[in-house]
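Residue-level structural notes
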Amino acid sequence: MDEHAYLQALRTLQQHAWPPGVPRDPCYPLGERPLSEYLRHWAQVAPQRVALHFYGHITTFAELDRLSDRCAALLQELGVGPGQRVAVMLPNCPQLHIIFYAILKLNAVHAPVSPMAKGLELAYQLKDCAAEVILCFDQLLPLVRQVQAQTALHTLISTSLSELCPAQPTLPVPDLLRMPRQPADDALDFYPALAACRSPAPTAAPHLDDIAALNYTGGTTGLPKGCIHTHRDMLYTCASFVPTALGCDQSSVALNFLPEFWIAGENSGLLFPVFSGCSLVLLARWDALTFISAVQHYQVTHSGMLVDSIAEVLDYPQVHTFDFSSLQRIGAISFIKKLTCGYRQRWQQLTGCTLFEFSFGMTETHTCDTFTYGLQTDDFDLRAQPTFVGLPVPGTEFKVCDFDSGELLPLGSTGELCLRSPSLLKGYWQRPTESADALRGGWLHTGDLGEITAQGFIRYLGRRKEMLKVNGMSVFPSELEALLGQHPAIQASAVLARADAQKGQVPVAFIVLKPGSDTTPAQLHAWCSEAMAAYKVPQLRLMDSLPMTPTGKVKKQELEALL
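Per-chain numbering applies: the sequence of each chain, read as written, is numbered from 1 onward. Local features are withheld for residues below a pLDDT of 70 in this predicted model, meaning they are given only at 70 or higher, and side-chain atom pairs are given and counted only at 80 or more; totals for whole chains, interfaces and linings count all residues. The side-chain values count all of the structure's non-hydrogen atoms but skip hydrogen atoms and water molecules.

A few words on the pairing of strand S20 (residues 443-452). Buried residues are those whose accessible area, probed at 1.4 Å on protein chains only, stays under 20% of the maximum for their type, while exposed residues exceed 50% and partly exposed ones sit between those limits. Segments assigned H or I by DSSP are reported as helices when at least four residues long, segments assigned E as strands when at least two residues long, and all are numbered from the N terminus. Most of S20 sits out of view: 10 of its 10 residues are buried. Pairing between strand S18 (residues 414-420) and S20: 5 bridges, direction antiparallel. Residue pairing for S20: Glu 416 is matched across the bridge by Leu 449. In this sheet, S20 lies alongside strand S19 (residues 439-440) in antiparallel orientation, the contact comprising 2 bridges. Paired with Leu 439 across the bridge in S20 is Leu 444. Linking two consecutive strands that pair antiparallel, namely S19 and S20, is a turn of 2 residues; a positive phi of about 60° is found at Gly 441 within it. A pair of strands is considered paired only if DSSP assigns at least 2 bridges between the two. Across 5 bridges, the pairing between S20 and strand S21 (residues 458-463) is antiparallel. Across the sheet, the residue bridging to Leu 449 is Gly 462, located in S21.

Encoded structure:
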């Protein structure tokens, strides 16, 4: 099959399916230049506009620009130069935004580390990226000290969230902001160090194709790998996704609680608001009451939310006493719970706005590769088929290939999902063999199962190794999880394969019921028998909880021991 003809025909189909009013090309409102220059622009034209609301602590665009300049100068004093990695181990907080833009301005490399990482995980990532400087939450200093001798770290910088906690907060404050500051003789104190730095800030803008970040994969299929991303990757992600799916502009008020060490949180919290020039309400962590209060207090217009969080808001006892009229677009992210017609209907009744699945994406692609916004008429997106992830964002292309031969497969076939995009990783850090295996001819071979429908829509079916063969029939765990998510008593599910002498494999569903539910396994089995083909009906295992990664994915390898 000729690839050029295949892609041209697919583009025609997708343009025909394109929702009205959605831009068909990436949009660069301030031109193609690094996001650090976007920040400088907003600091000049709207210096007093609030860049960050943090429980009543305010940072304007001018302050964010000035403080990130000071931080870039400090890092330079500490010996950090272009291309050198700076580790950042923080919960969501203004300090993370300051050092992120400082790193970009210095043309160094942002190496985010999960603040939930334990000793072995932390040592592995710090050694792998070879960072010499780290900014960490002061409560995590003991852990960093434990592994420092195994790493290249020569300078520790610490910061506390309590120093930003207002005397009269605007929102319910999490414990993180109440923890007393931890003094440390072996670490620089972030804000005093910025104030004491007298060196000039770097003035030269980085090139778009310079490395900007090492974003580590989740580690659900082996040790995490550092994905090399450039300034252009970040900019294109904004230019292709914000106008297409998010719709933020200078008048918007966005809210982010997704962890910003995670690339989806990096996009939502660190990149999109600066690209758009809008204010961001930043939460250190998820809390239903805090979210509800923030929407009302700050008149939030845009946010991305896990479906689990959406369910918490809907079930909050006093939810109807709050005002949600400011909300315009809320994107849903289906991990454990899946977006359903029921959630959409309840959310629309509560807020007046329509939930839509945010995006398919991977750390390797900067994670915003498709959109479903505009495809909600008559619940088309949810009724089409489970695992529907919409259309490619402008500038991104998908194809489906045979896993073994690499040959293109006709539309409607199941095979390896491959994509190419301007935001594709430039390789895995210090892993040339794995980079060459994943990146072939400009395409990322994801190792994931997918399908492109006859109308040009993308379906994501999960990891190839997770696919089951039941009496020769293909069963996709992601599809079963989406179906199980429609049961009113099921809070979360994870489906795995178990070997079976007669059928080859059978699906096993690990299920967490909603609190207070008295639904029995027999009732669940009867529901499954009505909802899905007989060969797909899983064996059921009720669980109190599922093992999770810090980014909200199920650790299926831990469940394998229970099969």
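Attention now moves to empty space enclosed by the protein. Cavities and pockets are defined on a 1 Å grid built over the protein atoms alone: a cavity is a set of grid points where a 1.4 Å probe fits but cannot escape, while a pocket is an open set with protein on both sides within 12 Å along at least five of seven lines, and lining residues are those with an atom within 4 Å of any such point. Grid points are joined across faces, edges and corners, and a volume is the space filled by probe spheres set on the points. For the structure shown, the criterion picks out 3 cavities of 30 Å³ or more. Within this model, the largest cavity holds a volume of roughly 70 Å³. In terms of lining residues, the largest cavity is bounded by Leu 246, Ala 254, Leu 255, Ser 268, Phe 272, His 302, Ser 303, Gly 304 and Phe 358. Elements represented by at least two residues in the lining of the largest cavity include exactly strand S10 (253-256), helix H9 (263-276) and strand S12 (302-306).

Let us look at the nonpolar core. Soluble globular proteins tend to pack their nonpolar side chains together in the buried interior. Among buried residues, the Ala, Val, Leu, Ile, Met, Phe, Trp, Tyr and Cys ones that are joined through side-chain atoms within 4.5 Å form a nonpolar core. Leu 75, Met 89 and Trp 347 are the most contacted members of the largest nonpolar core, which has 142 residues in total. Beyond its immediate sequence surroundings of up to four residues, Leu 75 is in contact with Val 80, Val 86, Ile 99, Ala 102, Ile 103, Leu 106 and Val 133. By definition in these notes, contact holds between two residues if any of their heavy atoms fall within 4.5 Å.

Let us look at the packing of aromatic side chains. Working definition: a ring pair exists when centres of Phe, Tyr or Trp rings (six-membered ring for Trp) sit within 6.5 Å. Plane angles under 30 degrees give stacked, over 60 give edge-to-face, the rest tilted. Applying the stated criterion across every chain, the model contains 16 aromatic pairs. Relative to Phe 275, the ring of Tyr 38 has its centre 5.4 Å away and its plane inclined at 15°; by these criteria the two rings are stacked. Of this pair, Tyr 38 sits in helix H2 (residues 35-45) while Phe 275 sits in helix H9, and the two are 237 residues apart along the sequence. Each member of the pair Tyr 38 and Phe 275 is classed as buried. Here the aromatic cluster, defined as three or more aromatic residues joined through ring pairs, consists of Phe 241, Phe 272, Phe 356, Phe 358 and Tyr 373. Charge over a ring is defined by NZ of Lys or CZ of Arg lying within 6 Å of the ring centre and within 35 degrees of the ring normal. Taking NZ or CZ as reference, Lys 399 lies 4.3 Å from the ring centre of Trp 443, over its face.

To continue, consider the packing of helix H5 (residues 119-129) against helix H6 (residues 141-148). Relative orientation and spacing of two packed helices are given, respectively, by the angle between their axes and the distance between those axes. Helix axes use the C-alpha atoms of the stretch in contact, all axes being lines fitted to C-alpha atoms, and the angles between their N-to-C directions lie in the range 0 to 180 degrees. Between H5 and H6, the least distance of the axes is 9 Å, while the angle of their chain directions is 60°. With respect to each other, H5 and H6 are oriented oblique. Crossing hand, H5 versus H6: right-handed. Judged by residue contacts, Gly 119, Leu 122, Ala 123 and Leu 126 of H5 engage Leu 143, Val 144 and Val 147 from H6. Classes in brief: Ala, Val, Leu, Ile, Met, Phe, Trp, Tyr, Cys and Pro nonpolar; Asp, Glu, Lys and Arg charged; the others, Gly included, polar. Counted by class, the contact of H5 with H6 contains 6 nonpolar, 1 polar and no charged residues. Should an angle fall under 35 degrees it is taken as roughly parallel, and over 145 as roughly antiparallel, whereas 65 to 115 is taken as roughly perpendicular and any remaining angle as oblique. Here a crossing is called left-handed whenever its near helix is offset anticlockwise from the far helix by less than a right angle, and right-handed whenever the offset is clockwise.

In this structure, Thr 387 sits in the loop between helix H13 (380-384) and strand S16 (388-392). Separated by 3.3 Å, the side chains of Thr 387 and Arg 459 make a polar contact. Distance and chemistry together define a polar contact, namely a pair of N or O atoms within 3.5 Å, with one atom able to donate a hydrogen and the other to accept it when in protein, and with adjacent residues in sequence counting only for side-chain atoms on both sides.

Remember that the coordinates give geometry; whether it matters functionally is a separate question.
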